[in-house]
Structure formats: structure tokens, C-alpha cells
Amino acid sequence: MINFREEIINILQGNIENLDRDDIDKKIEIPPNYDLGDFAFPVFSLAKVYRKSPALIAEELAGKLKSKYFEKIENKNAYLNFFINKNILAEEVLKESVSKKDEFGKVNYGEGKNAIVEYSSTNIAKPFHIGHIRSTVIGDSLKRIYKFLGYNVIAINHLGDYGTQFGMLIYAYKKWGSKEKIENNPIDELLKLYVKVNEEAENSKEVKDECRYWFKELENGNEEAVEIWKWFKDVSLKEFNRVYDMLDIEFDSYNGESFYSDKMPALIENFRAIKVLEESEGAEIINLEDYDLPPAIVVKSDGTTIYLTRDLAAAKYRHETYRPYKNIYVVGSQQSLHFKQLKAALKKAGFDWYDEIVHVAFGMVSLEDGTLSTRRGKVLYLEDVLNKATDKVREILNERENEQGIKIENKDELSQVVGIGAIKFQELFNGRIKDYVFDWDKTLSFEGETGPYVQYVHARISSLLKKGQFDLNNEFDSSLLNSEAEINIIRSLYNFTNVVIDAHEKYEPYFITRYVVELAKNFNKYYNQTTILVDDEILKNSRLVLCYSVKNVIAQALYLLGIKAPEKM
Ligand code: ARG
């Protein structure tokens, strides 16, 4: 497809001496509305070279620049405004859509590059609760976005399967636990044990010591400790995988914290050898004063390691194994300091690749009736939220069946696709850094800016294509698509790839969410004001090709958000 941006760079370069392509590219803007063209170029920077006022330069250039790809190049104040030739645009977009079909918009932007996306990273023996939804859903979307752009993605679930809490749990299990109870209801039972042992340890040095002892044994490979710990892990993962299946989320690796336990000693030795470790109250630390950060504790005074030690080993392992272009961590903003320390410590240790690490932070999610708490055992399981969403959609569909006297096919499957899709959509609707309050009614509404609404528009187009017996081989004429509504839609389609590129650069899936809502709304408006299935065959086919293109882009955009696009609704 023609890259209109490139064309602007070409004609500017052809007319202005000594202009750098990358420099022009960076300066090209997308105006706030189409009255100011599809692209704008500010000429301020040329004033020095020309020794004229920017307004005058813009005027002169506007008179001189010519290209068949732009129907108008105007000067306004100190800007050049470029208006794309709409016939060429329509022809290009539709040609591309017909040849690429449901792969429309895909590019090999990241070819040959590895990108690691680490997300979800749930904690063994703890609930997979609503608070995990953010990392899980944002991370999965980033994975899909990077893949779409041609990167080779490695999706990692950095399981929280190590640390002193496992010493506590082993002790608690041996003292109060029941194998049978845990088999039947793993997470609840393990959580009960965890709460109990925490309470006991608070008042008893003896219990505390026992817990520490069992963690040490685990680190030293004591058979009994390892076996119990492995079993905790197995039963927990079985629970988590049920949720991942519901969410249609997969990982390439479940290498969590424990995976690095045998990789830490060499790293620590190396740190000692290069003298980056300092002694501090019996512990070994990396001093990060130069970076205005608190010290990174690498080895505690009792000889054990901590969360950060494991992350140091993990970062190094990932670097050596994957040579990634980016190693992305989708983790809440409460851990911003941790990731700053991680990067600074790696830098200080002389690992010049430290910059491949990107912390994609996000704010908190809370419920209408208050925040989420994990400590007290009062938790909202993500699985229950997903089931509730599915049930609520089923109720809505039941009502619709009764009211309209119809029978909806695959009602169970559809309820899940719409219910879970709605939750993901809501999750990905705002910039990730903002906190937000989870709202059932807003999430599940079939109107407004919601997942069900977009899915509904998609299904509507599907049935329209069927009704119109759309066939890709039918003759059509893109120049017939020249109404304002049609041109608007075509412009959006043209912009799809750029939106995805922006989303990946800023690690913000919500760019795509907003984009797809806008496209769906524009399409709906068009659909309501235009008869698509007209008698004139060529006009009908041309309009249907447009509908087909919109359907593919909606489906693809939803896919990038991890949401399915039903054919019928
Ligand atoms: N398991 C951790 C938690 O639930 C998140 C892990 C984040 N990833 C990392 N490499 N530190 O808080």
C-alpha cells in the first residue's frame, strides 16, 4: 500500500535542500481534524535556513509542491497541510484489503527481533484474583500486538513459586494440613494455611525459625521439602490453567522464580569477583546511591536470596537465551522502585544491555464496594468474575429470546465470548497507568463504548455480507465510495497499522480499543444512513467490499485485545 507519509518526505526532500528524512518524518503531524488535511508539516525549523518568516516559507512551498497523491497542499499559518487524494486512497485500501483479506494491516515491522513479554506472573498457592486481571490482559494484548508487527514473541509467566513464604507453607502443611482437603480445594486451603501460619509466626519466634528452617531446606534440596513444594505448584497451576483457558491465554514459558534458584550462586560469585557487592549489616548489597535509589539487597544476612536476586538472575538468563530487543515486564506500578533498582544494579554490574528492560506499569483496579485485599483471605477470584460476566450475558440473551420469540444458537459459547470479551475490553479501554473502578453495568452494556457493542457491529456486518451474497471475486469500483462517511471509514482503515505501531511503541493497547470503538461507531452511522444492498450490482459490491474490510479490521483489532469476534449475536 502506498505510504503517504513517505510521499510527503519525498516531495519535501525534492524541494528543500539538505533535509534529513528521519528528521522530516519526526516532524510530520496528524492534524486534529480533517479540515487541516491528513498530515501537516510545520516549517518553523526552516526559518533559520531560509532567513524568512515561517508563514512566508509555507506560502512559497505550498505554491511549489505538487504530487498526484495529494489533491491539495495548502499553507495555513506556518504549516503545510496535505490532503490525500481520496480516489487513490480508496483504491489503495480496497485493493490491499481484497488481496490481504483478514491479514490486512499486518506488517513485518519487527522482523528478526525477539521481544519478551512477561505478564500475569501469578503466585503459587495464592488466589488468582481480580487484581491479576490487569497484568494478564494487558500483557496478553501486548504479546498479540508484537506478533502482529512481525516480532518473534516469547510470552513468559514468571511464576511466584519461591521465597520464604514457601518455608512457611511447608511448615504449616506439615503441622495442620490435610492432603485430601488441599486436593479438593487447593487454593482456598493453602490460603487458610498461609493466613494461619502468618498469625502464629507473628507471636512466636519458634514458629518463625521453623519457617525459615524449611525454606533453607527447600533451597538446599531437601527431598521432603521439594516434594511438598512441587505438589503445591502442581495443584495451583491446575487451577490457574483453568482460568487461562477461559481467557484464551497461553505462555511459551512458565519459568518462574524457582527456575533461577540454581542460577543465582554463579551470578553472586561474579558480583563478588567484580567487587560490586558491599557488606552491610551482614547482608550483601549493591549500593545504588549514584542512581538516587536505595541499595539492592542481593544476599540477606541469613544467607538466603530475595525476590530481587531472582530477578537479577532472570534478566541475565533471558538476555543470554533470547538476546531480546526488549524484555518487557507487565507489572503493577507498586513495583516501579523494584524495576528501577533491577536496571540500575545491572548497569552498575557492567551489563550494558540493562536498557532492554522495560517496566510496563499500571494502576490499581478496585471494586465499587472498596479496594481488594488479599491478606485477610477476603478475595475476589478472577474465575468467579469471569463466570459472573458469562452468567449475566446469558441472562440478557435469555431475555432477548423470550421477548423476541427467537432461539439463539450456541448460547453458552456466545455468553462466554461476550462476557469475557466485555471484561477484557473494559480493562483495555483506558491508559494503563490510571487506577480504575470495576463497574459491572458499564462493562456488560450492549451500547456505548463497550466490547459487546463492537462485537455486535461485527456480527451485524457478517450477516449483511451473507445477505448480500458477498463474493471477493465480484467486480467493484472504489471510486464509487466517495461519500464523507465512506471516506472517513477508508481513512480509519488506512490508519489501522499506524495505530498498532503506536500502541506497541507506547505499550498502550488502549489505542486499539479506542480506535475500534470509533470505527464501529462510524460504520454503524454509515450503515444506518446508507442502503448497502442496492440494485446496481457494482455499487452494491463496492459497498460490500468496504463492509468486508471493516469487518476484518474489527475482528483483527479485537483479536489484538484478546477478544473473539462472533459471526452471530
Ligand atoms: N509474582 C509477582 C507478584 O504477584 C509479580 C512478578 C513480576 N515479575 C518479575 N519479574 N518480578 O507481585
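Attention shifts here to helix 16 (residues 411–427). Its 17 residues place the ends of helix 16 24 Å apart at the C-alpha level, agreeing with the 24 Å of an ideal helix rising 1.5 Å per residue. Counting buried residues in helix 16 gives 14 out of 17 residues, a clear majority hidden from the surface.

With that settled, consider the confidence of the model for the protein chain. Considering every residue of the protein chain, the mean pLDDT works out to 94; 98% of them sit at 70 or more. Residue range residues 373–377 is modelled with pLDDT below 50. Its contacts to residues more than four positions away, or to other chains, number six contacts.

Another point: helix 12 (residues 264–273). Of the residues making up helix 12, those classed as buried are Met264, Leu267, Ile268 and Phe271. For helix 12, the buried positions fall inside an angular range of 100 degrees around the axis, keeping them on one side. Residues of helix 12 that are exposed and point more than 90 degrees away from the buried face comprise Ala266 and Ala273. Where helix 12 is buried, its residues contact strand 6 (277–280), strand 7 (283–286), strand 8 (296–299) and helix 13 (307–322).

Inspection of the secondary structure assignment puts His319 in helix 13. Of the residues examined, His319 reaches a relative accessible area of 10% and is grouped as buried. Setting aside chain neighbours within four positions, we find His319 in contact with Pro324, Trp353 and Glu356.

Below, the discussion takes up the site of the ligand. In the vicinity of the ligand, the contacting residues are Glu118, Ser121, Asn123, His158, Tyr307, Asp311, Tyr329, Val331, Gln335 and Phe339. A distance of 2.7 Å separates a nitrogen atom of the ligand from a polar atom in the side chain of Asn123. Separating a nitrogen atom of the ligand from a side-chain N or O atom of Asp311 is a distance of 2.6 Å. About the coverage of the ligand: the protein hides 85% of its 350 Å² of free accessible area. Looking at the shell around the ligand residue by residue, the class counts come to four nonpolar, four polar and two charged.

Pairing is antiparallel in the open sheet, where three strands are placed in the order 6-7-8. Strands at the two margins of the open sheet, each flanked by one partner only, are strand 6 and strand 8. Across the sheet, the mean angle separating the axes of adjacent strands is 45 degrees when strand polarity is ignored.

Per the stated rule, a full pass over the model turns up 39 salt bridges. Between Arg21 and Glu6 there is a salt bridge, with its nearest N and O atoms 3.3 Å apart. Taken as a pair, Arg21 in helix 2 (residues 21–27) and Glu6 in helix 1 (residues 4–15) lie far apart in primary sequence, 15 residues in all. Note on Glu6: relative accessible area 36%, which makes it partly exposed. Across the pair Lys316 and Glu320 runs a salt bridge whose closest N-O atoms are separated by 3.3 Å. Taken as a pair, Lys316 and Glu320 lie in helix 13 at a separation of four residues, close to a single helical turn. Here Lys316 falls in the partly exposed class, since its relative accessible area comes to 23%. When salt bridges with common partners are traced through the structure, they connect Asp140, Arg144, Asp248 and Lys564 into a single cluster.

Spatially, 5-4-9-10 is the arrangement adopted by the four strands of the open sheet, whose pairing is parallel. Since the sheet does not close on itself, it has two edges, and those belong to strand 5 (152–156) and strand 10 (357–360), each with one partner. Ignoring strand direction, the axes of neighbouring strands in this sheet form an average angle of 20 degrees. When strand 9 (residues 326–330) meets strand 10, the two strands line up parallel, connected through four bridges. Pairing of Val330 across the sheet is with Val360, part of strand 10. Together, strand 9 and strand 10 form the strand contacts of helix 14 (residues 336–348), whose direction differs from that of strand 10 by roughly 175 degrees.

On to unusual backbone geometry. Non-glycine residue Lys275 carries a positive phi angle of around 60 degrees. If you trace the backbone, Lys275 turns up in the loop between helix 12 and strand 6. Residue class for Lys275 comes out exposed when judged on its relative accessible area of 71%. For Arg323, which is not glycine, the phi torsion reads 40 degrees and is therefore positive. Relative to the helices and strands, Arg323 is located in the loop between helix 13 and strand 9.

Here is what the cut-offs are and how they apply
- Residues numbered from 1 in each chain as written.
- Predicted model: local features only at pLDDT ≥ 70, side-chain atom pairs only at ≥ 80, totals over all residues.
- Heavy atoms only, no water.
- Helix = DSSP H or I, 4+ residues; strand = E, 2+ residues; numbered from the N terminus.
- Expected span 1.5 Å × (residues − 1).
- Buried < 20%, exposed > 50% of the residue type's maximum accessible area, 1.4 Å probe, protein only.
- pLDDT = per-residue confidence, 0-100.
- Contact = heavy atoms within 4.5 Å.
- Arc of directions from axis to C-beta.
- Near = heavy atom within 4 Å.
- Polar contact = N/O pair within 3.5 Å; in protein donor to acceptor, adjacent residues only side chain to side chain.
- Areas by Shrake-Rupley, 256 points an atom, 1.4 Å probe, with all protein chains shown as cover.
- Nonpolar A, V, L, I, M, F, W, Y, C, P; charged D, E, K, R; others polar.
- Pairing = 2+ DSSP bridges.
- Axes fitted to C-alpha atoms, helices over the stretch in contact; angles between N-to-C directions.
- Salt bridge = Lys/Arg side-chain N within 4 Å of Asp/Glu carboxyl O.

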